[in-house]
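The lines below spell out each chain.
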Amino acid sequence: MTAVWLLLAGLQSTYGINITAVQDPSLANEGEGEDEGENEVEEEAENDSEAENEPQAEAEEDVSNRTVVKEVEFGMCTVTCGVGIREVILTNGCPGSESKCIVRVEECRGPVDCGWGKPISESLESVRLACVHTSPANRFKYIWRLLRPDQQAIILANDSAILEVHRDTHPKAFECETLDNNEIVASIKFTIYTTTELQMKRSSRPDTDAVLVFVLTIGVIMCIFVIFLLMFIIINWAAVKDFWGAKASTTEMQSELSSMRYKDSTCLDQSPTEIPGHEDDALSEWNE
């Protein structure tokens, strides 16, 4: 019996060893599968986090690349024709608490034809004329012409913005064209009078100036008088009100008196017609 139990114990120990030998690879495979599953879960979590971070990064890039919308308006051009300058005013996004701020100054243009202009300076001997231009003046090209009636204009040699002309015995007309990149941007004409004509114009001007000064003086005096009158009425409003009230009451009394007189006159007009009737009645009573 002892031998049998020993044999059985040996077989059990051998079977258990085999089982463990068989079970160990499966357990190892299961451990590796769990490790791989955990790795896959971690990779999926990382991919999801990267997928979530990418839109955020793109949104941040869009915000950083997005330009701030600024409202801009333009000021009035310094000229009504030709070429001039204007202000560019920012109405939104100014520094500090300013509602508007000047961003820059840029060139502006109007109609090319500026009509007839005036000299920048003149004397009895000479006249200085100027073309339409902006600073710097050397960025434009200038063409001066001497205009002649019923004839072709003469192009002058002067190509600067300023032209000095000496007066002649006959009036002359000049024209200046301002070009930018071979494009005409302004054109202006000038009339140069003779010395005699200029003296006649200057002698006739004082009369006009005297009349203008007289009219302006009278107008100023009338305005001052009206202002003082209004101030007097406002300051003495109570007295003025009483005065107008008394005047109104006097007018009413006069109207009432006139109405009463009218009634009396109508009564007097009617009494002669009624008197004969009363006399006839009295005579008839006396006869009875």
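1. Topic: the overall build of the chain
Stage number 1. Helix and strand counts for the chain come out as 3 helices and 11 strands.
Stage number 2. Put simply, the chain runs from its N terminus to its C terminus through helices and strands in the order α-β-β-β-β-β-β-β-β-β-β-β-α-α.
Stage number 3. Taken over 288 residues, the chain has a buried fraction of 16%.
Stage number 4. For the chain, contacts bridging at least 24 residues in sequence account for 53% of all contacts bridging at least 6.
Stage number 5. Here the chain has roughly 22,700 Å² of accessible surface; of this, 59% comes from carbon and sulfur atoms.

2. Concerning the environment of Tyr193
Stage number 1. Counting through the fold element by element, Tyr193 comes out in the loop between strand 11 (183-192) and helix 2 (195-235).
Stage number 2. For the pair Tyr193 and Arg167, spaced 26 residues apart in sequence, the C-alpha to C-alpha distance is 7.1 Å.
Stage number 3. Residue contacts for Tyr193: discarding those within four places in its chain leaves Arg167, Pro171 and Lys201.

3. Quick look at the packing of aromatic side chains
Stage number 1. Tallied over the full model, the rule gives 1 aromatic pair.
Stage number 2. Positioned above the aromatic ring of Phe74, the side-chain terminus of Arg86 is 4.4 Å from the ring centre.

4. What about the pattern of salt bridges?
Stage number 1. Inspection of every chain in the model, using the stated rule, returns 10 salt bridges.
Stage number 2. Linking Glu73 and Lys100 is a salt bridge whose minimum nitrogen-to-oxygen distance equals 3.0 Å. Separated by 27 residues along the polypeptide, Glu73 in strand 1 (residues 72-74) and Lys100 in the loop between strand 2 (83-90) and strand 3 (101-109) bring together distant segments of the chain.
Stage number 3. The residue Arg167 makes a salt bridge to Glu122 at a minimum N-O spacing of 3.1 Å. One end of the pair, Arg167, is in the loop between strand 9 (162-166) and strand 10 (172-180); the other, Glu122, is in strand 5 (residues 121-122), with 45 residues separating them in the sequence.
Stage number 4. Accessibility expressed as a relative area gives 44% for Glu122, which makes it partly exposed.
Stage number 5. Put simply, Glu107, Arg109, Arg139 and Asp180 are held in one network by salt bridges that share partners.

5. Considerations on the sheet that holds strand 11
Stage number 1. Pairing in this open sheet of 5 strands is mixed, and the strands run 4-11-10-7-8 from one edge to the other. In this open sheet, the two edge strands, each paired with only one partner strand, are strand 4 (113-116) and strand 8 (154-155).
Stage number 2. Where strand 7 (residues 141-147) lies against strand 8, 2 bridges are found, and the strand directions are antiparallel. The residue of strand 8 that forms the bridge with Arg145 is Ile155.

6. Here we look at a nonpolar patch on the surface
Stage number 1. A surface patch of nonpolar side chains, amounting to about 600 Å² of accessible area, comprises Val211, Phe214, Val215, Ile218, Ile221 and Met222.
Stage number 2. Examined against the element boundaries, Ile221 turns out to sit in helix 2.

7. As for the confidence of the model for the chain
Stage number 1. In this model, the chain carries an average pLDDT of 75, and 64% of its residues clear a pLDDT of 70 or more.
Stage number 2. Contacts for the low-pLDDT stretch residues 13-34, under 50 throughout, to residues beyond four places or in other chains number 0 contacts.

8. Some points on unusual backbone geometry
Stage number 1. With an omega of -5°, the peptide bond running from Ser135 to Pro136 counts as cis.
Stage number 2. With respect to the element layout, Pro136 can be found in the loop between strand 6 (126-130) and strand 7.
Stage number 3. For Asp150, which is not glycine, the phi dihedral falls at a positive 60°.
Stage number 4. Even without glycine at this site, Asn181 takes up a positive phi of about 55°.
Stage number 5. Among the secondary structure elements, Asn181 is positioned in the loop between strand 10 and strand 11.
Stage number 6. We classify Asn181 as exposed; its relative accessible area is 72%.

9. Notes on the nonpolar core
Stage number 1. Counting residues in each nonpolar core, the largest one holds 21 residues, and the members touching the most others are Leu129, Val132, Tyr142, Trp144, Phe174, Cys176 and Ile188.
Stage number 2. Among the secondary structure elements, those contributing two or more residues to this core are strand 6, strand 7, strand 9, strand 10 and strand 11.
Stage number 3. Looking at this core element by element, the count peaks at 5 residues for strand 11.
Stage number 4. The contacts of Val132, once residues within four sequence positions are left out, are Gly82, Val83, Cys114, Tyr142, Thr178, Ala186 and Ile188.

What counts, and where the lines are drawn
Residues numbered from 1 in each chain as written. Predicted model: local features only at pLDDT ≥ 70, side-chain atom pairs only at ≥ 80, totals over all residues. Heavy atoms only, no water. Helix = DSSP H or I, 4+ residues; strand = E, 2+ residues; numbered from the N terminus. Buried < 20%, exposed > 50% of the residue type's maximum accessible area, 1.4 Å probe, protein only. Contact = heavy atoms within 4.5 Å. Areas by Shrake-Rupley, 256 points an atom, 1.4 Å probe, with all protein chains shown as cover. Phe/Tyr/Trp six-rings, centres within 6.5 Å; stacked < 30°, edge-to-face > 60°. Lys NZ or Arg CZ within 6 Å of the ring centre and 35° of its normal. Salt bridge = Lys/Arg side-chain N within 4 Å of Asp/Glu carboxyl O. Pairing = 2+ DSSP bridges. Patch = residues over 30% accessible without salt bridge, like charges linked within 9 Å, V, L, I, M, F, W, Y side chains within 5 Å. pLDDT = per-residue confidence, 0-100. Core = buried A, V, L, I, M, F, W, Y, C linked by side-chain atoms within 4.5 Å.

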